[in-house]
Amino acid sequence: SSVTQVLSAGRRGTGRIPGKHGARPRTWAQVVVEIPDAPGALAKLFADVQKAGVSVEDLQIEHDAVREVGYLALSVDPAQEEVLADTLAAHDWDLRA
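Residues numbered from 1 in each chain as written. Predicted model: local features only at pLDDT ≥ 70, side-chain atom pairs only at ≥ 80, totals over all residues. Heavy atoms only, no water.

Participant: Before we move on, could you go through a nonpolar patch on the surface and cite the residues and values that matter?
Facilitator: Taken together, Leu42, Phe46, Leu59 and Ile61 make up a surface patch of nonpolar side chains, about 310 Å² in accessible area. Breaking the nonpolar patch down by element, the ones donating at least two residues are helix H2 (41–52) and strand S2 (56–64). Structurally, phenylalanine 46 is set in helix H2. (Patch = residues over 30% accessible without salt bridge, like charges linked within 9 Å, V, L, I, M, F, W, Y side chains within 5 Å. Areas by Shrake-Rupley, 256 points an atom, 1.4 Å probe, with all protein chains shown as cover. Salt bridge = Lys/Arg side-chain N within 4 Å of Asp/Glu carboxyl O. Helix = DSSP H or I, 4+ residues; strand = E, 2+ residues; numbered from the N terminus.)

Printed below as a string of structure tokens:
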């Protein structure tokens, strides 16, 4: 059908869109950290990420108003996921599985 053809063409076109800086699109790993709703919490988290030597590609925050915490999902190179998780755990951050 024509709808199927249009959708197929769209998927093919999307696959040709380059990723960051013209590179091929990549799949990122996510490390999800529970972060308290407190002044300086984000600054401390980012300082600990820097200690891990990991570059964060993207991030997302979800809030839990009942518990007054947030969940910060850090998108990183899959090869750096373990070192980031280990470093954050060593600095007393609670990670979500």
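Participant: Tell me about the side chain of glutamate 34, and please be specific about residues and values.
Facilitator: Note on placement: glutamate 34 falls in strand S1 (residues 29–36). A distance of 3.1 Å separates polar atoms of two side chains, one belonging to glutamate 34 and the other to arginine 67. With residues near it in sequence (within four places) discarded, glutamate 34 still touches Arg67, Val69, Gly70, Tyr71, Trp93 and Asp94. (Polar contact = N/O pair within 3.5 Å; in protein donor to acceptor, adjacent residues only side chain to side chain. Contact = heavy atoms within 4.5 Å.)

Participant: Go over helix H3 (residues 81–90), please, and point to the residues and values.
Facilitator: Every buried residue of H3 is listed here: Leu84, Ala85, Thr87 and Leu88. The arc that holds the buried residues of H3, viewed along the axis, is 165 degrees, so those residues lie on one side. When the buried face of H3 is taken as reference, the exposed residues oriented beyond 90 degrees from it are Glu82 and Ala90. Buried residues along H3 sit against S1, H2, strand S3 (69–76) and strand S4 (94–96). (Buried < 20%, exposed > 50% of the residue type's maximum accessible area, 1.4 Å probe, protein only. Arc of directions from axis to C-beta.)

Participant: Talk me through the sheet that holds S2; I want residue IDs and the actual numbers.
Facilitator: The pairing of strands in a sheet comes from backbone hydrogen bonds and takes either a parallel or an antiparallel form. Spatially, S2-S3-S1-S4 is the arrangement adopted by the four strands of the open sheet, whose pairing is antiparallel. In this open sheet, the two strands that pair with only one neighbour each are S2 and S4. Neighbour to neighbour, the strand axes of the sheet diverge by 30 degrees on average, direction disregarded. The pairing of S1 with S3 spans eight bridges and is classified as antiparallel. Bridging from a neighbouring strand, valine 32 pairs with alanine 73 of S3. Relative to S1, H3 is tilted by about 15 degrees, and along the sheet it contacts S1, S3 and S4. (Pairing = 2+ DSSP bridges. Axes fitted to C-alpha atoms, helices over the stretch in contact; angles between N-to-C directions.)

Participant: Would you mind going over the pairing of S1 in detail, with residue names and values included?
Facilitator: Burial within S1 is extensive, with six of its eight residues counted as buried. Where S1 and S4 come together, three bridges link them in antiparallel fashion. Its bridge partner being in S4, valine 33 is matched across the sheet by leucine 95.

Taken by themselves, the reported measurements are silent on function.
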